[in-house]
Amino acid sequence: MNFNNILLEEQGDIAVITINRPKKLNALNKETIMELHRAFREASENESVKVIIVTGAGEKAFVAGADISEFADFSVEQGTNLAANGHKELFDFVENLKTPVIAAVNGFALGGGLELAMACHFRVASDNAKMGLPEVSLGVIPGYGGTQRLPQLIGKGRAMELIMTAGMIDAQTAHNYGLVNHVTKQEELLAFCVKIATRIAQNSGVAISSAIRAVNANFKDGVNGFDIEIEEFGKCFGTQDFAEGTSAFLEKRKADFPGK
Ligand code: COA
C-alpha cells in the first residue's frame, strides 16, 4: 500500500507506523488522517502483526497538532464535520482497535498529536517530549477527544489547567501525571517500545483484544464494563489460545498461541 505522509513497516510481530511530514512537524492534515486509518486497519488485519507502534519522523515532533492551515477558514458546519470525521476515522478507531497500539512520543505532541497519543492504548515518551493541548490559544477547543481522554488519564483538575493555560508539560511531568508510562532517552525510545511490544506479542492475541474491549468499556456511556468483562471472559473459553495457554501451563512448557 502506498502512502504520501506515513511509513508502515511490518517486521514479524510488530508494525511501526511513522508519521512522516517532518517539515510540518508531522501535523495531521486530512490526507494523513486518512492514510493513518488505512495503515492502522491494514496492520490490524494482518494476522502476523501482534502490536502496533506509532511514532513521528525526525527528532523534533511526534505530531504538532492538526494542520492549522487546513481549517483556518472553516464554518461551524465544517468544524463540526472535521471533529466528527476525525473521531471516526482515527481517534476512536485506534482506541477500539483489537490490536494493541503503543504511542512512542518522540518530541512535541500537541493538540491532535497528544489526542492521537491518548487514543493509543498506552504511551512512552522520549526525554525531550513536550505535551499539551494548545487549542484555546487558537480560539478553539480540543476536538479529537482531548477534553475526554485527558481527564480520564490525568484527572479533571490537571486536565482543566492544561487545557485552559494552553501550556505544555515535559516528559517527566507527563510521567508523574500518569500520561506516559515510561520516559527514555530519545535514541532508545523505539527499541524500548519494541521490547515492550515483544513481551505483549508472547501472550494470547485474542485475550488481549478481549482485555482492550473490557477496559475501554469502563469509559463508554451507557455500557456496563463489568458486563462486558463477563462476556469477554466467557468468550475466551471458546478460543484455541485458551486451550493452548492452559495446556502449556499444565504441561510446564511455554505457550505457543495460535491467536485464534
Ligand atoms: N499545523 C500546520 N503547520 C504546523 C503545525 C500545525 N499544527 N505545527 C507546526 N507547523 C509547521 C509550521 O507552520 C512550520 O512550517 P513552515 O516552515 O512552512 O513555516 C513548520 O511546521 C515548523 O514549525 P515552527 O513553528 O517553525 O517550529 P518551532 O520550533 O518554531 O515551533 C511549535 C514548534 C510546535 C511550538 C510550533 O510549531 C507550534 O506552536 N505549532 C502549533 C501547535 C498547535 O497549536 N497545535 C494545535 C493545533 S489545533
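Residues numbered from 1 in each chain as written. Predicted model: local features only at pLDDT ≥ 70, side-chain atom pairs only at ≥ 80, totals over all residues. Heavy atoms only, no water.

Participant: Which parts of the structure should I look at to understand the pattern of salt bridges?
Facilitator: Side chains that carry opposite charge are capable of pairing whenever their charged atoms lie near each other. Within this structure, the stated rule accounts for nine salt bridges. Among the salt bridges present, the one from Glu232 reaches Lys235, with a minimum N-O distance of 3.1 Å. On the criterion of helical spacing, the pair formed by Glu232 and Lys235 is a turn pair, its members being three residues apart in helix α10 (residues 225–236). You can call Glu232 buried: its relative accessible area is 5%. Here Lys235 falls in the partly exposed class, since its relative accessible area comes to 47%. (Salt bridge = Lys/Arg side-chain N within 4 Å of Asp/Glu carboxyl O. Helix = DSSP H or I, 4+ residues; strand = E, 2+ residues; numbered from the N terminus. Buried < 20%, exposed > 50% of the residue type's maximum accessible area, 1.4 Å probe, protein only.)

Participant: Whenever I open this one, helix α9 (residues 205–217) confuses me. Can you help?
Facilitator: Think of an α-helix as turning once every 3.6 residues; residues three or four places apart then point the same way. For α9, which comprises 13 residues, the first-to-last C-alpha distance of 18 Å matches the rise-based estimate of 18 Å (1.5 Å per residue) to within 8%. Ile208, Ser210, Ile212, Ala214, Asn216 and Ala217 are the residues of α9 that are buried. The secondary structure elements touched by the buried residues of α9 are α3 (76–95), α8 (189–201) and α10. (Expected span 1.5 Å × (residues − 1). Contact = heavy atoms within 4.5 Å.)

Participant: Would you take a moment to explain the sheet that holds strand β8 (residues 130–132) for this structure?
Facilitator: Neighbouring strands of a sheet are bound in pairs by backbone hydrogen bonds; such pairs are parallel or else antiparallel. Overall, mixed pairing links the four strands, which are arranged β4-β6-β8-β9 in an open sheet. Looking along the sheet, the strands with just one partner apiece sit at the ends: β4 (61–63) and β9 (169–170). Sheet topology note: the strand β6 (residues 108–110)/β8 ladder contains three bridges and is parallel. Each residue of the ladder has a partner; that of Leu110, found in β8, is Gly132. Running at roughly 90° to β6, helix α4 (residues 112–119) makes contact with β4, β6 and β8 of the sheet. (Pairing = 2+ DSSP bridges. Axes fitted to C-alpha atoms, helices over the stretch in contact; angles between N-to-C directions.)

Participant: What is the right way to read the sheet that holds strand β3 (residues 51–56) from this model?
Facilitator: Strand order in the open sheet formed by six strands is β1-β2-β3-β5-β7-β10, with mixed pairing between adjacent strands. Each edge of the open sheet carries a strand with a single partner, namely β1 (6–11) and β10 (182–184). Recorded for the sheet is a direction-independent mean angle of 20° between the axes of neighbouring strands.

Participant: So what exactly am I meant to see when it comes to the domain arrangement of the chain here?
Facilitator: One frequent convention defines the size of an interface as the accessible area lost when the parts assemble. What the domain assignment reports for the chain is domain 1 (6–201) and domain 2 (205–250). Using only C-alpha atoms to locate each centre, domain 1 and domain 2 end up separated by 26 Å. With nine residues of domain 1 in contact, the opposing surface of domain 2 contributes six residues. A per-residue breakdown of the area domain 1 buries against domain 2 is headed by Asn96, Lys98 and Gln152, which together make up 53% of the total. (Domains from an automatic or database assignment. Buried area = accessible area lost by both parts, 1.4 Å probe.)

Participant: Explanation requested: a nonpolar patch on the surface in the structure shown.
Facilitator: Together, Ile68, Leu138 and Val140 give the surface a local cluster of nonpolar side chains, amounting to about 240 Å² of exposed area. Mapped onto the elements of the fold, Val140 is located in the loop between β8 and α5 (146–154). (Patch = residues over 30% accessible without salt bridge, like charges linked within 9 Å, V, L, I, M, F, W, Y side chains within 5 Å. Areas by Shrake-Rupley, 256 points an atom, 1.4 Å probe, with all protein chains shown as cover.)

Participant: Looking at this structure, how should I read the packing of α4 against α5?
Facilitator: In a pair of packed helices, the angle between the axes and the distance between the axes together describe the arrangement. Their axes nearest at 10 Å, the elements α4 and α5 cross at an angle of 55°. In terms of orientation, α4 and α5 fall into the oblique class. Between α4 and α5 lies a crossing of left-handed hand. Contact with α4, carried on its side by Glu115, Met118 and Ala119, involves Gly146, Arg149, Leu150 and Leu153 of α5 and no other residues of that element. The residue inventory of the contact of α4 with α5, partitioned by class, reads four nonpolar, one polar and two charged. (Parallel < 35°, antiparallel > 145°, perpendicular 65-115°, else oblique. Left-handed = near helix turned anticlockwise from the far one by under 90°. Nonpolar A, V, L, I, M, F, W, Y, C, P; charged D, E, K, R; others polar.)

Participant: Help me understand the site of the ligand, please; the structure alone is not making it clear to me.
Facilitator: Near the ligand you find 14 residues, and of these Lys24, Lys60, Ala64, Ala66 and Ile68 are the closest. In this structure, Lys60 approaches the ligand through a side-chain N or O atom, which is 2.6 Å from an oxygen atom. Here a nitrogen atom of the ligand sits 3.0 Å away from a polar atom, N or O, in the main chain of Ala64. When the ligand sits alone it has 870 Å² of accessible area, and the protein chains cover 59% of it. (Near = heavy atom within 4 Å. Polar contact = N/O pair within 3.5 Å; in protein donor to acceptor, adjacent residues only side chain to side chain.)

Participant: Would you mind showing me how to read the nonpolar core here?
Facilitator: Side chains of a nonpolar character, in soluble globular proteins, are inclined to be buried together. With 46 residues, the main nonpolar core has Phe40 and Met131 as its most contacted residues. Beyond its immediate stretch of four places on either side in the chain, Phe40 contacts Ile17, Ile52, Val54, Leu90, Phe93, Val94, Leu97 and Val101. Formed by 15 residues, the second largest nonpolar core is a distinct cluster that contains Val51, Ala104, Phe122 and Val124. (Core = buried A, V, L, I, M, F, W, Y, C linked by side-chain atoms within 4.5 Å.)

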